[in-house]
Amino acid sequence: MSTQPKAHAIYQNDPFLPQRDVVISVLLRQLKDISERLADVESAKKGMIQDLTYMTKRLADVENANKEMTHDLSTLKLSEQRSIDTSKRLAETNVMLENVKKEMAQDLSNLKNELAQMKKQAEGSKSQPNGNGQNLDDIQTQADLLATPFQNATIDSGDEATASARFCNCRRLTSVTDTLSKDMAEQKSKLKDLTAKIDAATSTTPASSTSSSTSTTSTTPATSYVSKTNGKMPSSCADLVKLGYQQNGIFSIMGNKEVESVYCDFTKASSDEDFQKKIGIVNRKTTRVSFHAQRSTAFKQPGTVSFELLGTNEGKAMTESGIFTAPTPGTYSFALSGVGLASVLINLEKMGATEAAWSNVGQTSGMAGTLIPVSLRSTLRLNKGDQIRLNLVDGIIADVPEHRTNFVGFLLDEDL
């Protein structure tokens, strides 16, 4: 006799059967969620591997650029040393040339004196009654031979036909001088090329890149900046192209109201989505603003809450009278903590720079009777000159020398 129908009946009457089905359904859903999460993790892992590969490539490019710059700097130092040696040799050559000129001037003076003496001898021979005609003719011939090449001779004469051995030495020295001058000109040209190459490399190397980079510093002429961007800060990679940038890198540009850090790929067309990639927002605070105001005694009079101690007041925007004036446009954070009595009610109020009345932007209160903590937090967008205050509407702000009342505020983000 089979027992199968009986077992089936028992299974049908199992009171835990619905719960098991629910548990199994929940487990299946959880298993599906885990599978989806594992797929997301795998996808994120692939993305991280791609990013790591890209960063490794970029680091290798930077290392290669650093090696090239090191080699160029070594070549530059060697060229500078050669230029110094060449300058010394040129100075020594100039001294030698001056000495040769002096010797030549002395020789020329001696020759002129000899020529004058020979002329006098010739004239004296003519005046003698028993003059020797042959001697006279010989002296006159010698005088003419000497006079022809030296009549207009000067220290700078270039007539090689009358040059002596010293003139030959002078020509050799002049040749050496010309060679040294050409060598110096070549060295100066190489120095100029190396300097331009180093400037170009440093202007496009990512700064920690500069500093955003901005980093990044540029060798682009200021006239190009003014004429091609109308004197405004570049707001896109396309503006950087106008300024003459050609090598890819990370740069800082002016966004809507904030400075953005972007990666520019100048090998792409400006219409390509990879031409400009936004990386993030550059820390753009130009003004530091923060304060910490405290009380040490109770405040009972309704109105603007004043403070007896300003422990911190960076930017000098807060006063002991309790009025905060925004020194620059931006987003500010304010917080109050303290203890109240007698149904205390405190408003956080704002008055715009062009307004004449206070408006409520926050509120805190406490029940009557015993001491009760009160607190308030608010984040506000303020323009330059807008004012903030705490206004005691009702009750008492209880305080002791230990400073229960603390009012703080600081600038989160500045609008440029």
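Residues numbered from 1 in each chain as written. Predicted model: local features only at pLDDT ≥ 70, side-chain atom pairs only at ≥ 80, totals over all residues. Heavy atoms only, no water.

Trainee: Now, about the overall build of the protein: what can you tell me, with residues and values included?
Mentor: A tally of helices and strands in the protein yields six helices and 12 strands. Here the analysis covers contacts within the protein between residues at least 6 apart in sequence; of these, 64% occur between residues at least 24 apart. Carbon and sulfur atoms provide 55% of the accessible area of the protein, an area that totals close to 26,600 Å². (Helix = DSSP H or I, 4+ residues; strand = E, 2+ residues; numbered from the N terminus. Contact = heavy atoms within 4.5 Å. Areas by Shrake-Rupley, 256 points an atom, 1.4 Å probe, with all protein chains shown as cover.)

Trainee: Please give an account of the state of the cysteines that cites residues and values.
Mentor: Counted according to the given criterion, the structure contains one disulfide. Covalent S-S linkage joins C237 and C264, the inter-sulfur distance amounting to 1.9 Å. Residues C237 and C264 share a disulfide whose torsion about the S-S bond is about -80°; that sign makes it left-handed. Within this pair, whereas C237 is found in helix α6 (residues 237-242), its partner C264 is found in strand β2 (residues 259-264), the two being separated by 27 residues in sequence. Among the residues examined, C237 registers a relative accessible area of 0% and is labelled buried. (Disulfide = S-S within 2.5 Å. Buried < 20%, exposed > 50% of the residue type's maximum accessible area, 1.4 Å probe, protein only.)

Trainee: If you had to explain the nonpolar core to someone new, which residues and values would you point to?
Mentor: Counting residues in hydrophobic clusters, the biggest one holds 26 residues, and the most contacted among them are F324, Y332, F334, I346, L382, L390 and F407. Counting only elements with at least two residues in this core, the list comes to β4 (290-294), β8 (330-351), β10 (372-382), β11 (387-398) and β12 (406-414). The leading source of residues in this core is β8, at six residues. With sequence-adjacent residues up to four places away left out, I346 is seen in contact with L336, G362, Q363, T364, V374, L390, N391, L392 and I397. Listed in part, the 10 residues of the second largest apolar core include L240, Y245, V262 and F266. (Core = buried A, V, L, I, M, F, W, Y, C linked by side-chain atoms within 4.5 Å.)

Trainee: Outline a nonpolar patch on the surface, supporting the account with residue identities and numerical values.
Mentor: Together, I24, L28 and L31 line one region of the surface with nonpolar side chains, adding up to about 300 Å² of accessible area. Its location among the elements puts I24 in helix α2 (residues 17-127). (Patch = residues over 30% accessible without salt bridge, like charges linked within 9 Å, V, L, I, M, F, W, Y side chains within 5 Å. Salt bridge = Lys/Arg side-chain N within 4 Å of Asp/Glu carboxyl O.)

Trainee: Hey, could you go over the pattern of salt bridges for me, with residue numbers and the actual values?
Mentor: A full pass over the atoms with the stated rule returns six salt bridges. Of the charged contacts in the structure, one is a salt bridge between D274 and K277, with a shortest N-O distance of 3.7 Å. Here D274 falls in the partly exposed class, since its relative accessible area comes to 28%. A relative accessible area of 43% places K277 in the partly exposed class. Ionic pairing is found between D415 and R381, a salt bridge with its closest N-O pair at 2.6 Å. Placement of D415 in the segment after β12 and of R381 in strand β10 is noted, with a sequence separation of 34 residues between them.

Trainee: Go over the sheet that holds strand β1 (residues 249-254) with me, naming the residues and quoting the values.
Mentor: Note: strands within a sheet are paired through backbone hydrogen bonds, in either parallel or antiparallel orientation. Read across the open sheet, the three strands follow the order β1-β2-β3; overall the sheet is antiparallel. This sheet does not close on itself; its edge strands, each paired only once, are β1 and β3 (276-281). The sheet shows a mean angle of 35° between the axes of neighbouring strands, direction not considered. Two strands pair when backbone bridges link them, and β2 and β3 are joined in this way by five bridges, in the antiparallel orientation. Bridge assignment links E260 to a residue of β3, and that residue is I281. (Pairing = 2+ DSSP bridges. Axes fitted to C-alpha atoms, helices over the stretch in contact; angles between N-to-C directions.)

Trainee: Tell me about the confidence of the model for the protein, and please be specific about residues and values.
Mentor: Taken residue by residue, the protein gives an average pLDDT of 77. The fraction at 70 or more is 69%. Averaged pLDDT values over the elements of the protein bottom out at 45 in helix α5 (residues 222-229) and peak at 96 in strand β7 (residues 324-325). Between residues 129-133, whose pLDDT stays under 50, and residues either more than four places distant or in other chains, the model counts one contact. Counting interchain partners and residues more than four positions distant, the pLDDT-below-50 stretch residues 204-227 has 43 contacts. (pLDDT = per-residue confidence, 0-100.)

Trainee: So what about the packing of aromatic side chains? Which residues, and what values?
Mentor: Within the structure shown, the criterion is met by 12 aromatic pairs. Summarising the aromatic geometry, the rings of F291 and F324 are spaced 5.4 Å apart at their centres and angled 35° between planes, so their arrangement reads as tilted. Here F291, found in strand β4, pairs with F324, found in strand β7; they are 33 residues apart in sequence, far enough to count as distant. A single burial state applies to F291 and to F324, both of which are buried. Ring centres of F324 and F334 lie 5.3 Å apart, and the angle between their planes is 80°; on these two criteria the pair is classed as edge-to-face. (Phe/Tyr/Trp six-rings, centres within 6.5 Å; stacked < 30°, edge-to-face > 60°.)

Trainee: Account for the pairing of β4, with residues named and values stated.
Mentor: Side-chain positions along a regular strand alternate between the two faces of the sheet. Counting buried positions along β4 gives four out of five residues, so the element sits mostly inside the fold. With five bridges joining them, β4 and strand β6 (residues 309-314) adopt antiparallel strand pairing. What sits directly across from A293, in β6, is L310. The pairing of β4 with β12 spans five bridges and is classified as antiparallel. Residue pairing for β12: F291 is matched across the bridge by G409.

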